[in-house]
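Chain and residue survey
The lines below spell out each chain.
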Amino acid sequence: DGTVRSAAEGALLRQPGQLSSVADLSARLADARPFVKGSAARELGYIGKAAAPFAPDIANLLTDGNPYVRFSAAEALGDMGEAGVPFAAAVAKLLRDANSKVRATAAQALGQMGEAAAPFAADVERLTDDSLK
């Protein structure tokens, strides 16, 4: 189950001694396992400003083939505050993703980006009548 795997990865990443630095966590963004890189992106988002140098690496995950990785990257960029703002347009592309969780998370992330997301307001508004499956 993906939810269980995600929770387990997140719990492991928070354990003392698992990571010695934010850089160690960012290295997991390149892991081949979707739930490892998705969980790493989410954890970096939770860290916020200290993880800002890795925002471009997280943004690269927005086009990953796995929906968990895509919505995790969007969520992380939304959580990162100003560091995520330059990637608003890339996040907005996910508003048309085939996966509803990805679309919803992209909308939430854009909501956290304030004025930077204003050009995408009409796209977000279209999701209020989301007919995509």
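Structure's up top.
Structural notes, computed from the coordinates. (Residues numbered from 1 in each chain as written. Predicted model: local features only at pLDDT ≥ 70, side-chain atom pairs only at ≥ 80, totals over all residues. Heavy atoms only, no water.)

So, on to the environment of Pro 67. Within the fold, Pro 67 resides in helix α5 (residues 67–79). Placed 30 residues apart in sequence, Pro 67 and Asp 97 show a C-alpha to C-alpha distance of 8.9 Å. (Helix = DSSP H or I, 4+ residues; strand = E, 2+ residues; numbered from the N terminus.)

Once that is clear, we can look at the nonpolar core. Nonpolar side chains tend toward joint burial in soluble globular proteins. Core analysis: the biggest nonpolar cluster contains 36 residues, and Ile 58, Leu 62, Leu 77, Val 91 and Leu 110 have the highest contact counts within it. Every element with two or more residues in this core is listed here: α3 (34–47), α4 (55–60), α5, α6 (88–93) and α7 (100–112). Of all the elements, α5 adds the most residues to this core, at 7 residues. Discounting residues that sit within four places of it in the chain, Leu 110 has contacts with Ala 88, Val 91, Ala 92, Leu 95, Ala 117, Phe 120 and Val 124. (Core = buried A, V, L, I, M, F, W, Y, C linked by side-chain atoms within 4.5 Å. Buried < 20%, exposed > 50% of the residue type's maximum accessible area, 1.4 Å probe, protein only. Contact = heavy atoms within 4.5 Å.)

By the definition in use, this model includes 2 aromatic pairs. Measuring from ring centre to ring centre gives 4.7 Å for Phe 35 and Tyr 68, while their planes differ by 35°; the resulting arrangement is tilted. With Phe 35 in helix α3 and Tyr 68 in helix α5, this pair connects stretches of sequence that are 33 residues apart. Assessed through its relative accessible area of 18%, Phe 35 is described here as buried. A centroid spacing of 5.2 Å and a plane angle of 85° characterise the contact between Tyr 68 and Phe 71, whose relative ring orientation is edge-to-face. You can see Tyr 68 and its partner Phe 71 sitting in helix α5, 3 residues apart, about one turn around the helix. Here Tyr 68 and Phe 71 have matching classes, each one buried. (Phe/Tyr/Trp six-rings, centres within 6.5 Å; stacked < 30°, edge-to-face > 60°.)

Over its 14 residues, α3 runs 20 Å from end to end, which matches the ideal 20 Å to within 8%, given 1.5 Å per residue. Looking at α3, one finds that the buried residues are Phe 35, Val 36, Lys 37, Gly 38, Ser 39, Ala 40, Ala 41, Arg 42, Glu 43, Leu 44 and Gly 45. Among the residues trailing α3, Gly 48 stands out with phi positive, at a value near 80°. (Expected span 1.5 Å × (residues − 1).)

Tallied over the full model, the rule gives 6 salt bridges. The closest approach of N and O atoms between Lys 37 and Asp 64, which form a salt bridge, is 2.8 Å. On the criterion of sequence distance, the pair formed by Lys 37 in helix α3 and Asp 64 in the loop between α4 and α5 is long-range, its members being 27 residues apart. The same class applies to Lys 37 and to Asp 64, which are both buried. The salt bridge involving Arg 70 is made with Asp 97; its shortest N-O contact spans 2.8 Å. A residue pair is termed long-range when its members are at least 10 positions apart, and Arg 70 in helix α5 and Asp 97 in the loop between α6 and α7 qualify at 27 residues. Judged on exposure class, the residue Arg 70 and its partner Asp 97 are both buried. The structure contains a network of salt bridges with shared partners spanning Arg 96, Asp 123 and Arg 126. (Salt bridge = Lys/Arg side-chain N within 4 Å of Asp/Glu carboxyl O.)

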